[in-house]
Amino acid sequence: MARSRVYLPLRRDGLLTLQAGALPAGAEVIAVAPGATEEREHEAWLQAADLAGTWATADGRRRIVVAADVDETGVDPIPGDHPMPGVLTVALPLKAVVSFHVDETVGSELGDLLWHDVTEIEAVRALVDAP
């Protein structure tokens with residue numbers, strides 16, 4: 001089956017749940033269809049970052065966006081050619097995560113999101129917990 005790239009805006013508690021093993025089904029995502037262009041993936045990332053920014057402002061924390069690859073049937077609705085909001089219909093294990101994107105400082109501009117490999121989850125957690 002084809003894999004879709006999804007971008008999940010997360011709050012700190014979602015990051016902790018993911019770090020413990022998996023996010024349960026029901027998480028909000030911005031998804032693109034398998035084989036989407038870099039431009040479409042970037043649009044999806046921007047939409048997820050905007051939503052994460054709204055939550056981060058409300059919580060007084062850093063923005064967190066997770067990029068992951070899931071089976072396209074694990075998203076409702078099934079992603080189309082353009083980025084679209086959806087919901088995961090399956091749990092998201094940490095092993096499906098490709099990368100994390102976190103504000104360099106609280107209230108950073110969009111261009112200041114730092115990229116972290118999934119193996120750097122401890123560093124991501126430390127950054128998210130820092131004042």
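Refer to the structure printed above.
Everything numeric here is computed off the predicted structure, so don't read it as measured data.

Cut-off values and rules
Residues numbered from 1 in each chain as written. Predicted model: local features only at pLDDT ≥ 70, side-chain atom pairs only at ≥ 80, totals over all residues. Heavy atoms only, no water. Helix = DSSP H or I, 4+ residues; strand = E, 2+ residues; numbered from the N terminus. Rg over C-alpha atoms; globule rule 2.2 N^0.38 Å. Buried < 20%, exposed > 50% of the residue type's maximum accessible area, 1.4 Å probe, protein only. Contact = heavy atoms within 4.5 Å. Salt bridge = Lys/Arg side-chain N within 4 Å of Asp/Glu carboxyl O. Core = buried A, V, L, I, M, F, W, Y, C linked by side-chain atoms within 4.5 Å. Arc of directions from axis to C-beta. Lys, Arg positive; Asp, Glu negative; His and termini not counted. Polar contact = N/O pair within 3.5 Å; in protein donor to acceptor, adjacent residues only side chain to side chain. Pairing = 2+ DSSP bridges. Axes fitted to C-alpha atoms, helices over the stretch in contact; angles between N-to-C directions.

Draft legend 1. Inspection of the overall build of the chain at higher detail. Across its full length, the chain holds 3 helices and 9 strands. Reading the chain from its N end, one meets helices and strands in the order β-α-β-β-α-β-β-β-β-β-β-α. Over its C-alpha atoms the chain spans a radius of gyration of 14 Å, differing by no more than 12% from the 14 Å that the globule rule assigns to 131 residues. Of all 131 residues assigned to the chain, the portion counted as buried reaches 43%. Sequence-distant contacts in the chain: of pairs separated by 6 or more residues, those separated by 24 or more amount to 69%.

Draft legend 2. A look at the pattern of salt bridges. Per the stated rule, a full pass over the model turns up 6 salt bridges. The salt bridge partner of R40 is E43, with a shortest N-O separation of 2.9 Å. Remark: E43 and R40 occur in helix α2 (residues 38–59); sequence separation between them is 3 residues, near one turn of the helix. Note on R40: relative accessible area 23%, which makes it partly exposed. In this structure E43 comes out as partly exposed when scored by relative accessible area, which is 25%.

Draft legend 3. Representation of the nonpolar core. If you look at the biggest cluster of nonpolar residues, it comprises 24 residues, and the most contacted ones within it are V6, L8, V66, L88, L92 and F100. Secondary structure elements with two or more residues in this core: β1 (3–10), α1 (12–19), β3 (28–32), β4 (64–71), β8 (97–103) and α3 (121–129). Not counting the four nearest positions on each side in its chain, F100 is found in contact with L15, L18, V65, V66, L94, L114, W115, H116, D117, V118, I121 and V124. Among the nonpolar cores identified, the runner-up in size contains 11 residues, and A44, A48, A49 and V65 belong to it.

Draft legend 4. Summary view of α1. By the burial criterion, the buried members of α1 are G14, L15, L18 and Q19. Along α1, the residues classed as buried sweep out an arc of 140° about the axis, all on the same side. Contacts made by the buried residues of α1 are with β1, β2 (22–23), β4, β7 (92–93), β8 and α3. G21 lies just past α1 and shows a positive phi near 155°.

Draft legend 5. Layout of the side chain of D71. By the element assignment, D71 lies in strand β4. Summary of buried charges: D71 has no salt-bridge partner, and the nearest side chain of opposite charge, R3, is 5.1 Å away. Reaching out from D71, the side chain makes a polar contact with the side chain of T73 at a distance of 2.4 Å. If we ignore the near neighbours within four places in the chain, the residues touching D71 are M1, A2 and R3.

Draft legend 6. Focus on the sheet that holds β4. In space, the 7 strands of this open sheet follow the order β5-β6-β3-β1-β4-β8-β9, with antiparallel pairing throughout. With partners counted over all chains shown, the strands left at the sheet margins are β5 (75–76) and β9 (113–117), one partner each. Here 2 bridges tie β5 to strand β6 (residues 84–88), and the two strands are oriented antiparallel to one another. By the bridge assignment for β6, D76 is matched with V87. Sitting on the sheet, α1 is in contact with β1, β4 and β8, with an inclination near 130° to β1. In the packing of α2 onto the sheet, contacts are made with β1, β3, β4, β8 and β9, and the angle to β1 comes to roughly 20°.

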